[in-house]
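So the chains spell out like this:
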Amino acid sequence: MYSPQSTKKLQQLTEALIAKKELGPADIAGLRDALRFHEYRYYVMNDPMISDTEYDRLFKSLEKIEAADPSLIKPDSPTQRVAKGLTREFPTVQHLVPMLSLENSYDADDLNDFDRKARELSGLNEIEYCVEPKFDGGSISLVYENDQLVRGATRGDGVQGDEVTTNIRQIRSIPLSAEFSSLGLQTVEIRGEVLINKENFRQYNEKLMEEGIPPLANPRNAAAGTLRIKDPKEVAKRNLEVFVYHVSYYSLIKGAQTPEPLTHHDSSLAMLWQLGFRAPFKEKKTFNGIEGVIQYCHDFEAKRDGLPYEIDGMVIKVNDLGLQDKLGMTSHHPRWAIAYKFKARQAITTLIDVDYQVGRTGAVTPVAKLEPVAVGGVTVSSISIHNEEYIKEKDLHIGDQVLIERAGDVIPQIVRSLGEKRKGDEKKIRFPHNCPVCESKLFKEEGEAVWRCINIDCPAQAVERIIHFASKDAMDIRGFGEAIIRKFYEMKFLKDIPGIYSMALSKIEGLEGFGKKSIENLTKSIETSKKQPLHRLIYALGIRFVGETTAKTLAQAIEHLTDLEKFSMEDLQALEDIGPKVAGSVHHFFSNKTNREMIKHLEELGLTLKNEKKQLSSGGNFTGLTFLFTGTLPTLKRSDAEKIVENNGGQILTGVSAKLNYLVVGEDAGSKLEKAKKINTVRIISEEEFLSMVERS
Ligand code: IVH
């Protein structure tokens, strides 16, 4: 796509654009070229050349130029992915060519059969194959006309699918335009797979669980489901990715020659890769004969877990497109391709019983006890089944046969119960009315799916809070795991979180498993944990809905943990990705006297409640202060004003939030000013006041 020379040119162009003080309509073509290039580096190559902040600045400059003169906007401008409003419905559309599925194979014998049949039908001694991963997501078709992306659709029943163009445009690895015309092509239909990578999936599920919503079973469901969301902004947030692997249709521009040579490798994968698509170009390999193919499939299976996205097999395709035509298809499948499926990560087992566990927030979680079964190399004997509604939805009964799945590193899930296999002696699962630990009555809030024990003294909650506090992702107190904490709690040696830091450990010397050395080690790791960064402590407090990401956002907004006691609901909601639900929970936690006393106690015990990073920011009199400029300033250029802040050790923010200390307002200030007015802690000043602050410093 980009030769070393054009890469260098675009890099120089980028530098020139970044260095320029004011960008205007004359820079529009350059800005678009640069932004497209950096999207390609980031989303297709996975090898960015500029920082996110630099990219954002260039993007904003382009947005500003286009907003000043909307006649300059083009549908394939990088700014035009972002959609406004909701999609009402997804119209049904007909694919240009039906989307067939592939026949499956499971071992070397199946692949040898496939090869033998293809050789017999073609009369050839040896066939060349192209082998690539079988991506496990949602399949889509894309139509480009005169170089522009005009349509994106889901597979549907193979003949007709749902038109989801707006959502497809949110996927940054899909180019909004591509130079098919340079190859003489007018209309092109491409097939591909939409994926959500494992890390994004994990984060997404973590967020769902923080909100008490059952997680999605696998990245495949998440990707396919996201394509059908009506709010394109939500789609954009999920960071979908794509691999395109097949050209199903093309028409030529009048007078153009059919491109040669015609192989899957050159005419599909290499062409798409050259045009800037994310095709499996580096992942594919061609072989003469089936032997190498079989080996490559085995090699890839061994690498499966190390990939950032899910694949469930390999696809083997006859490379010569002429030969593909000759082999044709059966009523269901092409004869020129076959899927090789990796070993299943699904298994069937029996649901023996249900246990109910009380978490640190009092939530009662049902856990299915299973007949132990191996799934993808791991033995599974219990699986969370989340809540009462989930049990009803999946129609789970004790004694049922259940299909379970473990997708990659994801926690195993029950896919469904096999109702058709029931014998009649299966038992309905009855959710308890009382806490299984302290026996107090359980409550369920309106609109929530979770039953809770609201007895604050419930021993189950207290011990769970301590376990969470000490856990690896929280304060990471090594050697102080679940079993020891439960034991100490039962012995009444430890009763709450501050207790961890005042335990008289010498008293337990001689207790089973506690010699001098282990006590010494535990003392050391408890001591070390006092220095954990603030965001870990916030996460460790176990505030409802506050996961690691939210804890980081909160930590960044404050200098000292007790600052959060002063944050109003509005202040909290002004922070990135914090909505009313999370804000309400944080506010509730810090309004509680017992919690505030506990925090004070922790500080007395020597824990770090200060945001150390904040204290460290560079020298200058604006150190630790954040600024944002809005509207037209009377004398200063925006970029010069920002430089002044940075030269004095201050920081420029990209948006109004509770992190912002000063909003400097010029003429025609708009939404930023309105937003800032709602946050008590933001000081709104004029350029004059700003300049006098500079003078004073
Ligand atoms: S080729 C006519 N290549 O697997 C051939 N399919 O049943 C079109 N898939 O529906 C399919 N990775 O959604 C092809 N590299 C790949 C693929 C792939 C995933 C999906 C596709 C198809 C299903 C096969």
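The following paragraphs examine the structure supplied in this document. Along every chain, residues carry numbers that run from 1 in the direction the sequence is written. Two thresholds apply to this predicted model, a pLDDT of at least 70 for residue-level local features and 80 or more for giving and counting side-chain atom pairs, whereas whole-chain, interface and lining totals are computed over all residues. Where side-chain values are given, they derive from all heavy atoms of the structure, hydrogens and water being excluded.

**Considering the pattern of salt bridges**
A side chain of one charge can pair with a side chain of the opposite charge if their charged atoms are brought near each other. Salt bridge criterion: a side-chain nitrogen from Lys or Arg within 4 Å of a carboxyl oxygen from Asp or Glu. Under the criterion given, the structure shown has 41 salt bridges. Close ionic contact of Glu66 with Arg32 constitutes a salt bridge, the shortest N to O distance being 2.7 Å. You can see Glu66 sitting in helix α3 (residues 52-68) and its partner Arg32 sitting in helix α2 (residues 28-44), a full 34 residues away along the chain. To sort residues, take the accessible area from a 1.4 Å probe on protein chains only and compare it with the maximum for the residue type: under 20% means buried, over 50% means exposed, and anything in between is partly exposed. With relative accessibility at 3%, the residue Glu66 sits in the buried group. Secondary structure elements are defined from DSSP: runs of H or I of at least 4 residues count as helices, runs of E of at least 2 residues count as strands, and each element is numbered from the N terminus.

**With respect to the packing of aromatic side chains**
The aromatic pairing rule takes the rings of Phe, Tyr and Trp, using the six-membered ring of Trp, and pairs them if the centres are within 6.5 Å, calling planes under 30 degrees apart stacked, those over 60 edge-to-face and the rest tilted. Tallied over the entire structure, the rule returns 27 aromatic pairs. Plain terms: the ring middles of Phe469 and Tyr501 are 6.4 Å apart, the flat faces sit at 80 degrees to each other, and that makes the pair edge-to-face. With Phe469 in helix α13 (residues 459-470) and Tyr501 in the loop between α14 (482-490) and α15 (516-529), this pair connects stretches of sequence that are 32 residues apart. Residue Phe469 is classed as buried on the basis of its relative accessible area, which comes to 0%. Ring-pair connections join several aromatic residues into one group, and the members of that group are Phe622, Phe627, Phe629, Tyr662 and Phe690. Remark: a charge is flagged as sitting over a ring if the NZ atom of Lys or the CZ atom of Arg is within 6 Å of the ring centre and within 35 degrees of the ring normal. In this structure, Lys303 packs its charged tip against the face of Phe300, placed 4.4 Å from the ring centre. Lys441 extends its terminal NZ or CZ atom over the ring of Phe443, reaching a point 5.8 Å from the ring centre.

**Comments concerning the sheet that holds strand β3 (residues 128-135)**
Whether two strands pair depends on DSSP finding at least two bridges between them. Read from one edge of the open sheet, five strands run β2-β11-β10-β3-β9, paired in mixed fashion. Single-partner strands in this sheet number two, and they are β2 (104-105) and β9 (285-288). Sheet analysis places β3 next to strand β10 (residues 311-318), joined by seven bridges and oriented antiparallel. Bridge pairing in β10 places Lys134 opposite Gly313. Here, residues are in contact when the closest pair of their heavy atoms is within 4.5 Å. Fitting a line to C-alpha atoms yields each axis, with helices limited to the stretch in contact; the angle taken between N-to-C directions then spans 0 to 180 degrees. Seen against the sheet, helix α9 (residues 264-274) touches β3, β9 and β10 and runs at an angle of roughly 30 degrees to β3.

**Observations regarding the nonpolar core**
One finds Phe480, Ile500, Tyr501, Ile538 and Leu561 to be the most contacted residues of the largest nonpolar core, which totals 65 residues. For Tyr501, the contacting residues outside a window of four places in its chain are Phe469, Met475, Ile477, Ile526, Ser529, Lys530, Leu602, Leu605 and Leu607. Only buried residues count toward a nonpolar core, which is a set of Ala, Val, Leu, Ile, Met, Phe, Trp, Tyr and Cys residues joined through side-chain atoms within 4.5 Å. Core analysis: the next-biggest nonpolar cluster, separate from the first, contains 34 residues, Val164, Phe180, Val188 and Val247 among them.

**Digging into the site of the ligand**
The near set for a molecule or strand comprises every residue that places at least one heavy atom within 4 Å of it. In the vicinity of the ligand, 13 residues are found, and the nearest of them are Leu102, Glu132, Pro133, Phe135 and Glu193. Two N or O atoms count as a polar contact when they lie within 3.5 Å, although within protein this holds only if one can serve as hydrogen donor and the other as acceptor, and sequence-adjacent residues are included solely when both atoms are side-chain atoms. One of the backbone N or O atoms of Phe135 is found 3.0 Å from a nitrogen atom in the ligand. Within the side chain of Lys317, an N or O atom sits 3.0 Å from a nitrogen atom of the ligand. Considering the ligand on its own, with 530 Å² of exposed area, one finds that the protein chains cover 91% of that surface. Under the convention used here, a 1.4 Å probe and the Shrake-Rupley method define accessible areas, while residue burial counts only the protein chains that appear.

**A look at α3**
Given the number of residues in a helix, its expected span is that number minus one, multiplied by 1.5 Å. Taking 1.5 Å as the rise per residue, α3 with 17 residues should run 24 Å; its terminal C-alpha atoms sit 24 Å apart, in good agreement. Within the sequence span of α3, burial applies to Tyr55, Leu58, Phe59, Ser61, Leu62, Ile65 and Glu66. Down the axis, α3 shows its buried residues gathered within 155 degrees of arc, on one side only. Exposed positions of α3 whose direction lies more than 90 degrees from the buried face are Lys64, Ala67 and Ala68. Note: the arc covers the axis-to-C-beta directions of the helix.

**Observations regarding helix α22 (residues 638-647)**
Taken residue by residue, α22 has Ala641, Glu642 and Val645 as its buried positions. The arc that holds the buried residues of α22, viewed along the axis, is 100 degrees, so those residues lie on one side. Considering only its buried residues, α22 is in contact with α3, β21 (626-630), β22 (651-652) and α24 (687-696). Positioned one or two residues after α22, Gly649 has a phi angle of 90 degrees, which is positive.

**Digging into the packing of helix α19 (residues 580-591) against helix α20 (residues 593-604)**
Taken N-terminus to C-terminus, the directions of α19 and α20 make an angle of 75 degrees; their axes are 5 Å apart at the nearest point. By the criterion of interaxial angle, the relationship of α19 to α20 is roughly perpendicular. Across from Phe589, Phe590 and Ser591 in α19, the residues of α20 making contact are Lys593, Asn595, Arg596, Met598 and Ile599. Angles below 35 degrees are treated as roughly parallel, those above 145 as roughly antiparallel, those between 65 and 115 as roughly perpendicular, and all remaining angles as oblique.

**Some points on unusual backbone geometry**
For residues other than glycine, phi is negative in most cases, and the peptide bonds are mostly trans. Positive phi, normally seen in glycine, also occurs at Glu439, with a value near 70 degrees. Here Glu439 shows up in the loop between β18 (427-428) and β19 (442-444). By relative accessible area, which is 60% here, Glu439 ends up exposed. At Asp476, a residue that is not glycine, the phi angle is positive and equals roughly 50 degrees. Within the secondary structure layout, Asp476 lies in the loop between α13 and α14. The buried category is assigned to Asp476, whose relative accessible area is 16%.

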